[in-house]
Amino acid sequence: MPFDSTTSQDLATVQAYVCSDAGAAVARAVVERCGGTASALHGGGLSGAARLSAGARLADIVLAEIGSIPVEMACECVAEISGSGAHVIVLGDQGDIATYRAMLKAGATDYFSFPVTPEDILAVRPKAPVAAPVVTDPPAAPVKALSLAVMGSNGGVGASLLAQNLAFHAAAAKGAGLRTALIDADLQFGSQAIDMDRDETAGLFDALMAPERIDETFIGATMDPLADRLLMYSQQVRMGQDALPYEGGLAGILPPLRTAFEAVITDLPRETLMRREDLAGHFDALLLVVPAGFSGVSAATRLMERLSARNPDLAILPVLSELRADAGLSRKDIERTLGHALAGTLPRCDAPIARAQRAAKPLVEVQPRGGYAKAVKALWSAAQVARPATPNAAKPPIKRRFFG
């Protein structure tokens, strides 16, 4: 929808750097629609904008054309400009998904291949909407993201599958609609990237070794965007690498990620939590997936006793998994043994899971009205109820259009 010129003073400032007639035409239309003048249109393309930026923000939004430079150089330019605090929208002739993903990883707000219309660009939304400052007396306490860990009492009970689907539900427009991070904390045999048919996110190990580097620019350059509001870290150690030094950084990356996101879902191996019990304090709730078998219930009982003794504030939500039949113990017997009510049940659904795995998609998207999706939704609600109350919690940010 065209912008009214009377509201142009409320729109974000735009500077465009182009290197072709097609780029100049669409940039000129965007600048004019935002109330700008011809002085906001420059040559030099993306590389020229990066040279001029050099740590100083050129504008709120920099619209830049790749031109003939290699994609690797274009990524460096995007990182330079976004590092100054500007939002970068990139235009180019490359129409492949690899270029799109590379631009987003480098920090671009969005990437468009020609042909592109001014309306496409004007409809862009920022990656991380920020709420307007709220002045209160006393000051409102900062609200941390809902942080959930998902762990299996045994292997093969569907804990990673649940973590993946919880993350997609948290980020989905028809779900919670939150900006969400999915963290695969299994540095030895993590499966999230493989199940989603994605490249491993090599930036995870950089983050684990230097958590203080994590900010919006670093996140944009190192996390893999799985959906509009969902980004992922998933990487495995290579032959000869020791996972333990990296594992020690898991407790360091969770606080900055909880600041940058609205929800953080961690796929957590039980061995990792047993070695790194300091991790427990970074979760609002732990969803413990338990099969209906003697060994699984026994392991879950011991895990819950140990965690409750050392972390009494951690909400533990046991979840029955029917993905493995095991001994087929009844819900009543399991609850009596655990001494805790089950928070939900993950129903067996072999055919939908097979379709989801083959399509490299979450089950909540492949079968959104199925029993598994309903169970995920119910567990999300249970985790929110179990979350400790936050005093003076700020209201969630109002989502607005990027250009006003």
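Residues numbered from 1 in each chain as written. Predicted model: local features only at pLDDT ≥ 70, side-chain atom pairs only at ≥ 80, totals over all residues. Heavy atoms only, no water.

Draft legend 1. Examining unusual backbone geometry more closely. With an omega dihedral of 0°, the bond running from F114 to P115 counts as a cis peptide bond. Summarising the element assignment, P115 is placed in the loop between β5 (110–113) and α5 (118–122). A positive phi angle is found at D197, which is not glycine, with a value near 55°. By relative accessible area, which is 62% here, D197 ends up exposed. The phi torsion at A360 lies on the positive side, around 55°, for a residue other than glycine. Among the secondary structure elements, A360 is positioned in the loop between α15 (350–359) and α16 (363–366). Overall, A360 belongs to the buried group, its relative accessible area being 19%. (Helix = DSSP H or I, 4+ residues; strand = E, 2+ residues; numbered from the N terminus. Buried < 20%, exposed > 50% of the residue type's maximum accessible area, 1.4 Å probe, protein only.)

Draft legend 2. Here's a closer look at the packing of aromatic side chains. Under the counting rule described, the total for this entry stands at 1 aromatic pair. On the numbers, 4.3 Å between centres and 15° between planes, the contact of F205 with Y246 is stacked. Of this pair, F205 sits in helix α8 (residues 203–209) while Y246 sits in helix α10 (residues 243–247), and the two are 41 residues apart along the sequence. One Lys or Arg, R179, reaches over the ring of F261 and ends 4.5 Å from the middle of that ring. (Phe/Tyr/Trp six-rings, centres within 6.5 Å; stacked < 30°, edge-to-face > 60°. Lys NZ or Arg CZ within 6 Å of the ring centre and 35° of its normal.)

Draft legend 3. Molecular detail of the pairing of β5. In this structure, strand β4 (residues 87–92) lies alongside β5, joined through 4 bridges in parallel fashion. Across the sheet, the residue bridging to L91 is F112, located in β5. (Pairing = 2+ DSSP bridges.)

Draft legend 4. Summary view of the nonpolar core. The biggest cluster of nonpolar side chains holds 49 residues, and the ones touching the most others in it are M223, I253, L257, F261 and L273. At 6 residues, the largest contribution of residues to this core is made by helix α11 (residues 250–260). Apart from residues lying up to four places away in sequence, F261 is in contact with A145, R179, T180, A181, I219, M223 and L231. Core analysis: the next-biggest nonpolar cluster, separate from the first, contains 41 residues, L146, A159, A285 and V376 among them. (Core = buried A, V, L, I, M, F, W, Y, C linked by side-chain atoms within 4.5 Å. Contact = heavy atoms within 4.5 Å.)

Draft legend 5. Looking closely at the sheet that holds strand β2 (residues 41–42). Taking strand neighbours across the sheet as the criterion, the 5 strands line up as β2-β1-β3-β4-β5 in an open arrangement whose pairing is parallel. Edge strands, defined here as strands with exactly one partner in the open sheet, are β2 and β5.

Draft legend 6. Structural context of helix α2 (residues 45–53). The buried count for α2 comes to 7 of 9 residues, which makes it a mostly enclosed element. Listing the buried residues of α2 in full gives G45, L46, S47, G48, A49, A50 and S53. Among the structural elements, β1 (14–17), β3 (61–65), α3 (71–82) and β4 are those in contact with the buried residues of α2. Just downstream of α2, A54 is the residue with a positive phi angle, here 45°.

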